[in-house]
Amino acid sequence: MLTKFETKSNRVKGLSFHSKRPWILASLHSGVIQLWDYRMGTLIDRFDEHDGPVRGVHFHKSQPLFVSGGDDYKIKVWNYKTCRCLFTLLGHLDYIRTVQFHHEHPWIVSASDDQTIRIWNWQSRTCISVLTGHNHYVMCASFHPKEDLVVSASLDQTVRVWDISALKKKSASPGDDMLRLSQMNTDLFGGVDAVVKYVLEGHDRGVNWAAFHPTLPLIVSGADDRQVKLWRMNDTKAWEVDTLRGHMNNVSCAMFHAKQDLIVSNSEDKSIRVWDATKRTGIQTFRREHDRFWILAAHPEMNLLAAGHDSGMIVFKLERERPAFAVSGDALFYTKDRFLRFYEFSSQKDTQVIPIRRPGSTSLNQSPRTLSYSPTENAVLICSDMDGGSYELYVIPKDSISRGDSVPDAKRGTGGSAVFVARNRFAVLDRSSNQVLVKNLKNEIVKKGSLQFPADAIFYAGTGNLLCRSEDRVYIFDLQQRLVLGDLQTPFVKYIVWSNDMESVALLSKHAIVITNKKLVHQCTLHETIRVKSGAWDENGVFIYTTLNHIKYCLPNGDSGIIRTLDVPIYITKVSGNSIFCLDRDGKSRVIIIDATEYMFKLSLLKKRYDHVMGMIRNSQLCGQAMIAYLQQKGFPEVALHFVKDERTRFNLALESGNIQIAVASAKEIDEKDHWYRLGVEALRQGNAGIVEYAYQRTKNFERLSFLYLITGNMDKLAKMLKIAEVKNDVMGQFHNALYLGDVRERTKILENAGNLPLAYMTASAHGLEDVVERLSGELGKNIPSLPDDMKPSLLIPPSPIMCGGDWPLLRVMKGIFEGGLDAAGKGVEEEEEEAADGDWGEDLDMVDVNGLENGDATTIMEDGEIDEEENGEGGWELEDLELPPELETPRASTMARSSVFVAPTPGMPVSQIWIQKSSIASEHAASGNFDSAMRQLKRQLGIQNFAPLKSLFLDLHAGSHSFLRAFCSAPVLSLALERGWSESNSPNVRGPPALVFHFSQLEEKLKAGYRATTAGKFTEALRLFTSILHTIPVIVVESRREVDEVKELIIIIKEYVLGLQMELKRREMKDNPVRQQELAAYFTHLNLQVAHQRLALQNAMTVCFKAKNLATAGNFARRLLESNPANENQAKTARQVLQASERNNTDVSELNYDYRNPFVVCGATYVPIYQGQRYASCPYCSSRFVPAEEGRLCAVCDLSVIGADASGLLCSPSQVR
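The name that an unreviewed UniProt entry assigns to the protein is Coatomer subunit alpha, with the source organism given as Trapa natans. If you open the UniProt record of the protein and go to Subunit (unreviewed entry), you find "Oligomeric complex that consists of at least the alpha, beta, beta', gamma, delta, epsilon and zeta subunits."

Spelled out as structure tokens, the structure:
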């Protein structure tokens, strides 16, 4: 059984698959109906209008409807699109057991405990027939898939088959009176439209289920007599064919498999059984530990089954549907229907090669699992799960491909998996001894090799090499040298796909794809929410793969996307150009044509093949928000600019690529305040003061304009701003402008006009304006404010700008490939003719001249820069300047002339971002300032959830890995990244890892200080030091594997001390509980401490127990103390005296929860012993152990990690990820 999906819920009583979508309905004993997507594993909706259990539920074949019946006697018809109940059908007088839609007519059949079966018309919403005859509860009723029959099962121990052909003839509508009369008769006596055709008697107890075969005249039934019976019928009679015995309790449900000759049944004995319908024998049994099964459902079109039980449901397949195949050059070998077949990609010719052996056993999942082919020897290895894992070796005769009728003799053997590793050698994995056996084509062992790691499968990895899989790692193993050439931690790998040149390999897991090179050096990982099924490499190094419902691609840098959707899963065998060759689940070869433009465009960008990129832009329809977002994300906004017509998107892209001219044009079209503001910000970043001014003018942002004129030193325009503020009666604007200009008289005048006479007086007095002072003093009278005598006044005026007026000097940069190429692509014929008229005077160098941008109106910003005359070298063409009249300012015909385009240099990637990309070590992420990703790494590696103790360490790491330089007064402080191990000989383009402020040597010093504090009895100080070490270790980085082991060893040491000191401090608080005091002192002695501290702990426990009259326990501590040969004579003397007292009176006054004979560890939270063999939970970081009740809580020892959390382990060295 292959479980595809499982839910946890109340008891599931009814199930129904949707015919087209990957949905299943589950009706629960609690009254809720759940709608699940079994492919994604998500709950889509829930419906809860029934009162009490819902026992029956069924999807309509074509309409967006489903029907449900419950213990509230109601049948409800629902529309799942609108998520509401459309109507309720009333008529049954007791619990409703099953409901089902007819496949053609607008009918519903329902079975009830009121001993009747009713057929309803859901369009007219009336009951059209009542089938009476059973004399006990009717447990189920269902329509025949093709004929006009209904089968029902009842607790009266019978199965009945009803003929409903007369119902069809009632389609002609009778008169209203007749309809009412017939309806009344139907309700009272049961209709005559349905008659009993057969009554099947044979079960000894009540029958719970009966079902028709989809095509044959067969019925299967299951009953409380624990038997499954098979019945056959013809036109006149029906009879029992056979009885299937094996269930140990009531059989709840039984049905025929839709595609195979099988019967599936489930029972209250907690099992599902699969029977061979022809041989009538049991094939397989699947059991649950605690849950009884109640219902089965089969998918109408796919090979899927579902079963409902006491605590949920499972969706499962009985057998794998993936055909075994192997690709060799232009040939595909695959298995189908017990034959080996050959498919030629070039001619698309499919032929049968040889028959292969049928399995001897009758159990499921015995079909071929993998296939390996040797082209030189024309030999095939077929592996299956038969007999616990076996292989068969077939050598195909040369003429067999055309005929495919002879049965060649196969060499057989046992082994987990087998693959060809050379021309005439194949390797077999012997799981029992963990050995690889190399055999020749005669099936003789020629070599054995033991693996240094546990392996459960092997794959081909080049001649003489194997790729071996263990649970969470893969290894490349050289059979000749018996060496591991590389290994990598991965999710459980199901399939591997090598690239055509054997340089890259894709490792396919259930929900992930890991791509590595041939030495298993990780390149990228893709995660999928639904199952990955297959994949193949195309000739360009792009990995094309399929999930259950998509064909997707993965580029070498890890970028992925969807190529197309799939109706049914396929298994890719080869990718050639735009053709995908694949096998479907029926084993048929198919060719799917795809559009590769999107991923080829991205690949060309990635490989910097800009000529291809330009060709695709010109010739294809590669637009769309996703493509624009991709180009933005990858740093090609100037390319995205050529895709879009929408002005808002063009504006955003122009700002991102620094193309101010296009941004200005788009801003004019949009003409919104926010866009002008953003344009101003970008222009200010580029130092283009003219555009900034224009943007601020368009938005009437006078405050920003004033400040712009101040910093550019444009005092004339600042004076104009003062006048504008005066006209607008903006008092604060006037005052600010006067302040910027240093105009004291104007400031005084503004304050006076605003009525603030004291402040006006003080301003005039401080700056020596005597005439104003006299006038204001007269107005103020006695209220003249006093000025401090000891202060010397000075004029408050802003500092002069470093650069007055003009735009910033800009770099002269070469045009990128895209500007030249794409601009040329977009020009009209007229421009080409103008260029031709200039004559061919040699090629222009595509330089961008940006020296001459003037500060002024934005319409004349795009002016040609002046070309400097060459002063040295030859005179060139001696042309004299002509005395011409001054040129009038006329608008340019083309503002996009080549000489005036400025391309802002694209910023490089910050070093902090490079650190994040190159490293999986949390401290390096914290040093880069990316605390979020550092916390994610620590949560994944060590299960850390409480980051409060690490906050100061993160801040120290970030500050310590950067230096800060001041440039000049108006520029911000520059941050410089400091690299670990930097030297002058390093390449400037290769960035090293960040310099870190925490080192392992510092921890060793702290450890010694902690030891000293413990010896001196300063337990609080010692605990602080040890906890500090425990908090620092997650952000430590060491270089070698040996140092990694030392770090891990240090965690164990520190954990013991932290736990011991916590217990000792707790003991000292418990003055009124002598028993608990003794227990904690006793547990302290069982921790792994330094010998000196162990003696002190033993002496302490001995003293506490002796004072409490527990002489036997005290004697044990004294004995252990003496065995440690204490150097301190006082310790030894006291221990001997206690031992003597203990031997005289070997009793304990109080009983302790302490057994020193039984090995134990101490729970880090409750401080109770966890004896050997007892269950426990542990901290993923410090490995402290806890009682199971503490699982999910914060570790009390390290105060960082969650107890029992999943974690991959401490990563503190680059050597761990190489």
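(A) Region of the structure containing the overall build of the protein. For the protein, the helix and strand inventory stands at 30 helices and 61 strands. Relative to its 1218 residues, the protein shows a buried fraction of 49%. Expressed as a percentage of contacts within the protein between residues at least 6 apart in sequence, the contacts between residues at least 24 apart total 49%. For the protein, the accessible area works out to roughly 60900 Å², and carbon and sulfur atoms hold 50% of it.

(B) Quick look at the packing of helix α25 (residues 1019-1032) against helix α26 (residues 1041-1069). In contact at an axis separation of 9 Å, α25 and α26 are set at 145° when each is read in the N-to-C sense. When the axes of α25 and α26 are compared, the crossing they make is left-handed. Packed against α25, whose contacting residues are F1019, T1020, A1022, L1023, F1026, T1027, I1029 and L1030, the element α26 presents L1050, I1051, I1054, Y1057, V1058, L1061, Q1062, E1064, L1065 and R1068 at the interface. Each residue belonging to the contact of α25 with α26 can be placed in one class, and the counts come to 13 nonpolar, three polar and two charged.

(C) Representation of the pairing of strand β20 (residues 227-233). Most of β20 is tucked away: six of the seven residues are buried. In this structure, strand β19 (residues 218-223) lies alongside β20, joined through five bridges in antiparallel fashion. Within β20, the residue paired with I219 across the bridge is W231. Taking the residues that link successive antiparallel strands as the turn, the β19-β20 hairpin has three residues, and the phi of R226 there is positive, at about 70°.

(D) Structural context of the nonpolar core. Of all hydrophobic cores here, the largest spans 82 residues; its most connected members are F1026, I1033 and Y1181. It is α26 that contributes the most residues to this core, 10 residues altogether. Apart from residues lying up to four places away in sequence, Y1181 is in contact with L942, L1030, I1033, P1034, I1051, C1198, L1200 and S1201.

(E) Representation of helix α24 (residues 1000-1015) in the model. Given a rise of 1.5 Å per residue, 16 residues ought to cover 22 Å, and the 23 Å separating the end C-alpha atoms of α24 matches this to within 8%. Where α24 is concerned, the buried positions are F1000, L1003, L1007, G1010, Y1011, A1013 and T1014. Around the axis of α24, the buried residues are gathered within 165° of arc, so they sit on the same side. In α24, the exposed residues that point more than 90 degrees away from the buried face are E1005 and R1012. The inward-facing, buried residues of α24 abut α25, α26 and α28 (1091-1107).

(F) Focus on the sheet that holds strand β26 (residues 293-298). Read across the open sheet, the four strands follow the order β1-β28-β27-β26; overall the sheet is antiparallel. Across the chains shown, the open sheet's two edge strands, defined by having one partner strand only, are β1 (2-8) and β26. Each strand of the sheet is rotated relative to its neighbour by a mean of 15°, with strand direction disregarded. By the bridge criterion, five bridges tie β26 to strand β27 (residues 305-309) in an arrangement that is antiparallel. By the bridge assignment, I295 is partnered in β27 with G308.

(G) Molecular detail of the side chain of K229. By the element assignment, K229 lies in strand β20. There is a polar contact of 3.3 Å between the side chain of K229 and the side chain of Q227. At 3.0 Å, the side chain of K229 forms a polar contact with the side chain of E240. Ignoring sequence-local partners within four residues, the contact set of K229 consists of G202, H203, I219, V220, S221, E240, D242 and T243.

(H) Main features of the pattern of salt bridges. Here the structure, examined in full by the defined rule, presents 36 salt bridges. Put simply, K20 and E301 hold a salt bridge, and the shortest N to O gap is 3.0 Å. Within this pair, whereas K20 is found in the loop between β2 (12-17) and β3 (23-28), its partner E301 is found in the loop between β26 and β27, the two being separated by 281 residues in sequence. The class for K20 is exposed, based on a relative accessible area of 62%. Salt-bridge contacts for E528 lead to K552; the nearest nitrogen and oxygen are separated by 2.8 Å. Placement of the pair is E528 in the loop between β48 (522-527) and β49 (532-537) and K552 in strand β51 (residues 550-554), with a sequence separation of 24 residues. No difference in accessibility class separates E528 from K552, as the two residues are buried. Where salt bridges share partners, they join E6, K8, R288 and D291 into one cluster.

(I) Seen up close, the sheet that holds strand β39 (residues 435-440). With respect to topology, four strands assemble into an open sheet ordered β37-β38-β39-β40, the strand pairing being antiparallel. Across the chains shown, the open sheet's two edge strands, defined by having one partner strand only, are β37 (418-422) and β40 (445-450). Geometrically, the sheet is characterised by an average inter-axis angle of 30° between neighbouring strands, direction not taken into account. Note that strand β38 (residues 425-430) and β39 share six bridges and pair antiparallel. The partner of R425 across the bridge, within β39, is N440.

(J) Highlighting the packing of aromatic side chains. Under the counting rule described, the total for this entry stands at 34 aromatic pairs. Measuring from ring centre to ring centre gives 6.1 Å for F420 and F426, while their planes differ by 75°; the resulting arrangement is edge-to-face. A single burial state applies to F420 and to F426, both of which are buried. Their ring planes at 35° and their centres at 4.9 Å tell us that F1026 and Y1057 sit as a pair that is tilted. Residue F1026 is located in helix α25, and its partner Y1057 is located in helix α26; the two are separated by 31 residues in the primary sequence. Side by side, F1026 and Y1057 carry an identical accessibility label, which is buried. In textbook terms, an aromatic cluster arises when at least three aromatic residues are bridged by ring pairs, as seen for W23, F47, F59, F66, W78 and Y80.

(K) Structural context of empty space enclosed by the protein. Within this structure, the stated rule accounts for six cavities of 30 Å³ or more. Each pocket or cavity is described by its volume, and for the largest cavity that value is around 120 Å³. Of the residues belonging to the lining of the largest cavity, the class tally is five nonpolar, no polar and five charged.

Calculation rules
Residues numbered from 1 in each chain as written. Predicted model: local features only at pLDDT ≥ 70, side-chain atom pairs only at ≥ 80, totals over all residues. Heavy atoms only, no water. UniProt positions renumbered as here; feature names shortened; annotations may be inferred. Helix = DSSP H or I, 4+ residues; strand = E, 2+ residues; numbered from the N terminus. Buried < 20%, exposed > 50% of the residue type's maximum accessible area, 1.4 Å probe, protein only. Contact = heavy atoms within 4.5 Å. Areas by Shrake-Rupley, 256 points an atom, 1.4 Å probe, with all protein chains shown as cover. Axes fitted to C-alpha atoms, helices over the stretch in contact; angles between N-to-C directions. Left-handed = near helix turned anticlockwise from the far one by under 90°. Nonpolar A, V, L, I, M, F, W, Y, C, P; charged D, E, K, R; others polar. Pairing = 2+ DSSP bridges. Core = buried A, V, L, I, M, F, W, Y, C linked by side-chain atoms within 4.5 Å. Expected span 1.5 Å × (residues − 1). Arc of directions from axis to C-beta. Polar contact = N/O pair within 3.5 Å; in protein donor to acceptor, adjacent residues only side chain to side chain. Salt bridge = Lys/Arg side-chain N within 4 Å of Asp/Glu carboxyl O. Phe/Tyr/Trp six-rings, centres within 6.5 Å; stacked < 30°, edge-to-face > 60°. 1 Å grid on protein atoms, 1.4 Å probe; cavity = no way out; pocket = protein on both sides within 12 Å on 5 of 7 lines; lining within 4 Å. Points joined across faces, edges and corners; volume = space filled by probe spheres on them.

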